[in-house]
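Report on the structure
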Amino acid sequence: MEQAKANTPKLFVCTVIENKDEIEERYERAYVFFQSLVADCSEKEAHDALNNAVCKNHEDVSLGMLMSILTEPHNATKCYRDLTLVTRDGLTCVLNNLSNLILERYLKFQDTTRNQLLWLIKEMMRNAVTGVDNVCWNLMRYASGGDITPKNIYLVESLLDIYIENRMWLDKFPVLICMVVYTYLRLIEDHNIPHLMSLRQKEVNFVIALIREHFTDVLTLGRDLVRLLQNVARIPEFNQLWQEILVNPRSLCPNFSNVLQLLQTRTSRRYLQSRITPDMERKLVFLTSQVRFGHHKKYQEWFQRQYLATPESQSLRSDMIRFIVGVIHPTNELLCSDIIPRWAVIGWLLTTCTSNVAASNAKLALFYDWLFYDPDKDNIMNIEPAILVMHHSMRSHPAVTATLLDFLCRIIPNFYPPYSDKVRQGIFNSLQQIIEKRVLPNLQPLFDSPKLDRELRSTVRETFKEFCSNSNGEGVSGIRDEGSEDLPKVISDEPAFSDDEEDSQALTEDTDDDDIPLSEVRARERPELAAALPLIMRPLAETLLDERSTTATKAFLNACGTPMPSASALADLFAAILQDAPPLKIGTNPSPTELETVIDSPIFSMFSYLNGEGTEAKRKLVLEILKEIHEQGSFQNVGFCLLFYLKVCFERERRAERDTVKRRNVKFKVDIYKNYCSFLELKVADSLANDFEKCQENDANVLVWLIPDIYREFKEQAQNHIKLLNVIVSTLDAGQLQRLVCLTLQGNLMMFKSDDITTMLSTSLGWETFEQYCLWQLLTAHDISVEDVLPIIPKLSYKDHAEAVTSVLLMLKQERPTADVIRQLFCREIDEEDTFVVSTIMYWCQDYEDKVGDLLSVLLSTRYPGTSPNKRKRPGKHNIPPNAPPSAELVLGHLEQIRVCCVEQDDMSIFNMECMQKALQHSQSNSIDSLRRQYSELFSLAWEDELPISRRARKLISNSLPLNQNLHSSNEDSEEEEIVKPKQAKRRKKAISDSD
């Protein structure tokens, strides 16, 4: 074996310092296994060995043969033939593993492996193997744009030759045709150098033919098809195609009316993703989801050296920007974190571009979704990065903002003159959506910034006059500025004589933002929030922004009257304050002083108006502010902060009440939270779960401190709520779990109810191990009965649900055997490695063997309806209910496992009970032949003549107790379980006594 491993060929190029990873070791093991089957065998012997092995270990045989094909060209033809003969799944296993191998490891392939991969794909195409189109899709992602190295050109040309050679096969896959057109349109742009002209011409001819013959399919590519066709429009064949698209579109397709049809269709994210190699994709996703702002320079420098170092690689920037804009859509949590945002990555790609043509294409890629933006069809996440790049670059990189604004103004008349009105409308739709969704609260600082030169500022005002100051004194935020009717908006922001002074001040203040935290960048670039408020309130707003205290908050809210500022303007103001507030944290057992200190902040001052302080108008105003903040998603901790505030108020009122009776009557003001949910149109149960999820991210001590009151006051909504429970158990540590168990035992916490507990338990099977451990500890503390757990017993997998299996097993250990429990146990699937049923039955047999024997005999006999010999001797209560009872085959299977265990323990007493003997005989006579043969050893027990004394009797003998007395006690136990035994069983006990 060691010799075989030493001679194993290599799939990957490895350096001296690199160890083998799991994938490489897996393929090597499979290869060694395959070689052990066919080594020194004739062709027929090898074929027989493979057929036998593939039945037991299909995947290893398939992977071993796949590795042989990829690494041994001289054996590839024979090995591929054998693979097609022995496969049991139409090569699905091979194709799935091949796709994963390409996505994860293609760049590390040996040259031989790459050549053999292309050979294998070609062979599969010839044989019309189902699923090879997915392999082609994944491999084409490595045909990278901006790369004219020999290896990349070889891959591009090889795939092209394969498609040309297998054109009839390709025509059957419309989605793959679109991928091929999209890929090669992008690659043609890079192949404009002399030594690649023959390749380019071959690409042009092939792509033109595909577009003309499959234009209906190609239409689904959407607007990015137009962008790529623009880049190659100077090539004569594409120029001719453009003429037909613009002048005679129906000649290409009867359903194609004009190019606007393409421009109004958003390109699928799959195609935008396809122009980034999987390796680049992993790096960009890591950069935008894991790297903190301020720590990103080293990652960007590495990325620049790896992918953007050559002149031809500059065209790759457009592909990356389209990928970031259209594919990477971060969550709200990520947007509010310190992770480097998309706009910062795009700004870096723009500022480091060294080619004017590539820079123009990159700007077009950034704004491309703006041009024909439709709010009903398009996604605001596709237009958000561009506006944020301009907004955030204004302070430290004003030249970037200026060039982007200039591009935006010029693209309207120049993109396609006949559609200039539609382009203008698309851009206006984008800006309107940006304002409505509060991506920026105000466009005035951007469009009227003094850092823009006068000519550009004039052009922007003229082009976007609807979004600049109007004659009514309203800015783009829609808030009227009191007392400024006679002044142009721009004059209020800049002194009339200070251009030079202003420029010099800008030079001294502007510093590079790359090495400071994102929170500080946001603070420096915070929009003029106070400017959106009436003049009389602006000083109070400035005080609130500076102090962020309870006093300043109440003074500001009390001043809100006439004129009343809009809820959106107030929400912007308070969101900016709350985002920079320190997180809510407390100790394990917070003191009253600590709690009062924590709630001395603006958010809790706002809650006081919901708690009866101030007028009804002020209460509604605060609710409107909170609703606007919720809809914006700018601050998502309001809900659990409100619950924390209500708990603090509850504890404060209880401490203030000295009379014991009155203290018990102090109420938790649950209606305040319910009214808050009602005003925000939220379901209370879902809101609680979401708020606890945010609380979990903030501070586990706050969550644990809130739990008893939430489950007491929101009993109907909280008990058995799956998401809420999952949030709790995923937060707890061992000490906090102990605290909740103690509260439960004291009667101060009730987290579960018997109704519908099965759904919760079934859902919990997918939780982490410690989460399930916490859940079962809490269930045990609540005295949940075994009857509530029974329905999930048949569903539990001993491999996948070990936590639940162990907990249920320990729960059954405390119970006595009953018909219902036995029935659910025997509904489990048979598995040789699953000892759940055997362990339970064998444990019960130590103390309740007679009862277990009766129950098992009843269960086995009733698997043959209408023929049971004991039918009249059993009361109706012991008939197996009709709700999914176990089949005879399942019962026999479990009994066989119990038999094997009894043989190992050398104790067959349970099978020698008379009731079990009769049940086995009855089952044997009524079973089909296949079951008789399968369980022949089990049925053979029915012919034993000697009836050994039972396990229970032996135990009683060993304890030197009078046997008849204890057997009488056993009968009493049986009566408690309402099990009526056959008369023969009683005679058996007498015989046992006599023998004793």
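Residues numbered from 1 in each chain as written. Predicted model: local features only at pLDDT ≥ 70, side-chain atom pairs only at ≥ 80, totals over all residues. Heavy atoms only, no water.

Per an unreviewed UniProt entry, the chain carries the name SOSS complex subunit A homolog and comes from Parnassius mnemosyne. According to the UniProt record, the Sequence similarities (unreviewed entry) comment for the chain reads "Belongs to the Integrator subunit 3 family." (UniProt positions renumbered as here; feature names shortened; annotations may be inferred.)

1. Description of the overall build of the chain
Within the chain, the regular secondary structure consists of 57 helices and zero strands. Put simply, the chain has 996 residues, and 53% of those count as buried. Taking the intrachain contacts of the chain between residues at least 6 apart in sequence as the baseline, contacts between residues at least 24 apart amount to 74%. For the chain, the exposed area adds up to about 46100 Å²; of that, 50% sits on carbon and sulfur atoms. (Helix = DSSP H or I, 4+ residues; strand = E, 2+ residues; numbered from the N terminus. Buried < 20%, exposed > 50% of the residue type's maximum accessible area, 1.4 Å probe, protein only. Contact = heavy atoms within 4.5 Å. Areas by Shrake-Rupley, 256 points an atom, 1.4 Å probe, with all protein chains shown as cover.)

2. Comments concerning the packing of aromatic side chains
The full count for this structure, using the stated rule, is 31 aromatic pairs. With a centroid separation of 5.9 Å and 75° between ring planes, the pair formed by F604 and F607 is classed as edge-to-face. Placement of both F604 and F607 in helix α35 (residues 602-607) is noted, with a separation of three residues, approximately one turn of the helix. Accessibility assignment for this pair places F604 and F607 in one class, buried. Three or more aromatic residues joined by ring pairs form one cluster here, namely F604, F607, F644, Y645 and W705. A cation over an aromatic ring shows up here: R270 above the ring of W137, its NZ or CZ 4.1 Å from the ring centre. K647 extends its terminal NZ or CZ atom over the ring of W705, reaching a point 3.9 Å from the ring centre. (Phe/Tyr/Trp six-rings, centres within 6.5 Å; stacked < 30°, edge-to-face > 60°. Lys NZ or Arg CZ within 6 Å of the ring centre and 35° of its normal.)

3. Details of the environment of E681
Note on placement: E681 falls in the loop between α39 (670-679) and α40 (684-698). Overall, E681 belongs to the exposed group, its relative accessible area being 67%. With 54 residues separating them along the chain, E681 and K627 place their C-alpha atoms 9.2 Å apart.

4. Overview of the packing of helix α22 (residues 342-351) against helix α24 (residues 384-396)
Relative to each other, α22 and α24 sit at 70°, their axes nearing to 9 Å. Judged on the interaxial angle alone, α24 and α22 are roughly perpendicular. Mapping the contact onto sequence places R342, W343, I346, G347 and L350 in α22 and E384, P385, L388, V389 and H392 in α24. Here the contact of α22 with α24 is composed, by residue class, of six nonpolar, two polar and two charged. (Axes fitted to C-alpha atoms, helices over the stretch in contact; angles between N-to-C directions. Parallel < 35°, antiparallel > 145°, perpendicular 65-115°, else oblique. Nonpolar A, V, L, I, M, F, W, Y, C, P; charged D, E, K, R; others polar.)

5. Examining helix α6 (residues 92-105)
For α6, with 14 residues, the first-to-last C-alpha span of 20 Å sits near the 20 Å given by 1.5 Å per residue. Among the residues of α6, those classed as buried are C93, V94, L95, N97, L98, S99, L101, I102 and R105. Of the surrounding secondary structure, the elements contacted by the buried residues of α6 are α2 (22-38), α4 (58-71), α5 (73-86), α7 (111-126) and α8 (132-140). (Expected span 1.5 Å × (residues − 1).)

6. What to know about the environment of P539
Among the structural elements, P539 can be located in helix α31 (residues 538-547). Classification of P539 by relative accessible area gives exposed; the value is 52%. Put simply, P539 and F556 are 17 residues apart on the chain and 9.3 Å apart in space, counted from C-alpha to C-alpha.

7. Thoughts on unusual backbone geometry
Even without a glycine there, the phi angle at L91 is positive, about 70°. When you line up the elements, L91 lands in the loop between α5 and α6. One non-glycine residue with positive phi stands out, namely R438, at about 60°. As for its position among the elements, R438 is in the loop between α26 (420-436) and α27 (444-447).

8. What about the pattern of salt bridges?
If you walk through the whole model with that rule in mind, you get 42 salt bridges. Its salt-bridge partner being R167, residue E213 comes within 2.5 Å of it at the nearest N-O pair. Separated by 46 residues along the polypeptide, E213 in helix α12 (residues 197-213) and R167 in helix α10 (residues 167-170) bring together distant segments of the chain. Here R167 falls in the buried class, since its relative accessible area comes to 18%. Note that E596 and R652 form a salt bridge whose closest N and O atoms lie 3.0 Å from each other. With E596 in helix α34 (residues 592-598) and R652 in helix α37 (residues 638-656), this pair connects stretches of sequence that are 56 residues apart. Bridged by salt links that share partners, the residues R223, D224, R227, R266, R322, D369 and D378 form one connected network. (Salt bridge = Lys/Arg side-chain N within 4 Å of Asp/Glu carboxyl O.)

9. Details of α8
Of all nine residues that make up α8, eight are buried, and the element is covered over most of its length. Turning to α8, its buried residues are V132, D133, V135, C136, W137, N138, L139 and M140. Buried-residue contacts for α8 involve α6, α7, α9 (150-165), α10, α11 (174-188) and α17 (269-274).

10. Focus on the nonpolar core
Among the nonpolar cores identified, the biggest contains 169 residues, and Y163, F238, W370 and F464 are the most heavily contacted of them. The element best represented in this core is α11, accounting for eleven residues. Setting aside anything within four residues of it in sequence, one finds F238 in contact with L185, I188, V204, V207, I208, I211, L229, V232 and A233. Core analysis: the second largest hydrophobic core is formed by 141 residues, M537, C695, I792 and L892 among them. (Core = buried A, V, L, I, M, F, W, Y, C linked by side-chain atoms within 4.5 Å.)

11. Re the confidence of the model for the chain
Taken over all residues, the pLDDT of the chain has a mean of 81, while the share at 70 or more is 85%. Least confident of the elements in the chain is helix α57 (residues 983-995), whose mean pLDDT is 35; most confident is α11, at 95. Predicted confidence for residues 470-527 stays below pLDDT 50, and this span has 84 contacts to residues more than four positions away or in other chains. Below pLDDT 50 for its whole length, residues 944-996 participates in 80 contacts with residues either more than four positions away or in separate chains. (pLDDT = per-residue confidence, 0-100.)

12. Digging into the environment of D161
Of note, D161 is situated in helix α9. In sequence terms D161 and F206 are 45 residues apart; their C-alpha atoms lie 9.9 Å from each other. Here K202 takes part through its side chain, which lies 2.9 Å from a polar atom of the side chain of D161. (Polar contact = N/O pair within 3.5 Å; in protein donor to acceptor, adjacent residues only side chain to side chain.)

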